[in-house]
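Reading the structure
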Amino acid sequence: MKSICFHCQFVGVGLADTRCPRCSYPLITNLAAAALGTQDLEVLFASTAKHTPPPLPGLSAEPRQAQLLMQRRREKALARLEARRAIAEAEKKRTRQLAVASWCAASAAVALGLLLTLNVMGAL
Ligand SMILES: [Zn+2]
């Protein structure tokens, strides 16, 4: 049996008194079996850090149903967005080609008109 004074750090072994003989502060009596040294604590912490605890009942590492559904929904939305973007890109390209073609046609019509006019007026 060990008695410790937390006021003046007095340590006595086998004391019958409940008060510290130095400062009369109440002594904390400790049984030797209950005393844990720092070495014991280190061993305990090292042994618990080594192995991972078993999973809690009802829990598994596999993704939950809601998580799977959310991932599927996100993938579908991304695919839809990508398809929409590709369609918009193709449409933009086609309108550009149409604009170039109409500009070429207009230029050709103007050149033809000019040639016809010059031909009619007898310049050529
Ligand atoms: Zn004391």
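Note that this is a predicted model, so its numbers are computed, not measured.

Regarding the overall build of the chain
- Per the secondary structure count, the chain includes two helices and three strands.
- Its C-alpha radius of gyration of 46 Å places the chain more than 25% over the 14 Å reference for a compact globule of 124 residues.
- Based on the C-alpha atoms only, the size of the chain along its principal axes is roughly 140 × 40 × 20 Å.
- Here the chain, with 124 residues, has 2% of them falling under the buried criterion.

Thoughts on helix H2 (residues 65–121)
- If you check H2, its first and last C-alpha atoms are 83 Å apart, about what 57 residues at 1.5 Å a residue would give, namely 84 Å.
- Once H2 finishes, Gly122 follows within two positions and takes phi at roughly 80 degrees, a positive value.

Description of the domain arrangement of the chain
- According to the domain assignment, the chain consists of domain 1 (1–34) and domain 2 (65–124).
- Placing a centre on the C-alpha atoms of domain 1 and another on those of domain 2 gives a separation of 94 Å.

Section: the sheet that holds strand S3 (residues 28–30)
- A sheet is described by the order of its strands in space; here three strands give the open sequence S2-S1-S3, paired in antiparallel fashion. With partners counted over all chains shown, the strands left at the sheet margins are strand S2 (11–13) and S3, one partner each. Neighbouring strand axes in the sheet, compared pairwise and without regard to direction, differ in orientation by 25 degrees on average.
- In the sheet, strand S1 (residues 2–4) pairs with S3 via three bridges, with the strands oriented antiparallel. Its bridge partner lying in S3, Lys2 is registered against Asn30.

A closer look at unusual backbone geometry
- Its identity as a non-glycine residue notwithstanding, Gln9 has a phi of 60 degrees, on the positive side.
- Mapped onto the elements of the fold, Gln9 is located in the loop between S1 and S2.
- The phi torsion at Ser24 lies on the positive side, around 55 degrees, for a residue other than glycine.
- Following the sequence through the fold, Ser24 ends up in the loop between S2 and S3.

Observations concerning the confidence of the model for the chain
- Residue-level pLDDT values for the chain average 86, and 90% of them are 70 or greater.
- H2 holds the highest mean pLDDT among the elements of the chain, 95, whereas helix H1 (residues 38–50) holds the lowest, 71.

Quick look at the environment of Ala16
- Structurally, Ala16 can be placed in the loop between S2 and S3.
- Linking Ala16 and Thr29, residues 13 residues apart in sequence, is a C-alpha distance of 9.8 Å.

What to know about the environment of Leu81
- Take Leu81: it is sitting in helix H2.
- Note on Leu81: 10 C-beta atoms within 10 Å, which makes it exposed.
- In the structure, Leu81 is positioned 32 residues away from Gly113 in sequence and 47 Å away in space, judged by C-alpha atoms.

Scoring rules and cut-offs
Residues numbered from 1 in each chain as written. Predicted model: local features only at pLDDT ≥ 70, side-chain atom pairs only at ≥ 80, totals over all residues. Helix = DSSP H or I, 4+ residues; strand = E, 2+ residues; numbered from the N terminus. Rg over C-alpha atoms; globule rule 2.2 N^0.38 Å. Buried ≥ 20, exposed ≤ 12 C-beta atoms within 10 Å, placed from the backbone. Expected span 1.5 Å × (residues − 1). Domains from an automatic or database assignment. Pairing = 2+ DSSP bridges. Axes fitted to C-alpha atoms, helices over the stretch in contact; angles between N-to-C directions. pLDDT = per-residue confidence, 0-100.

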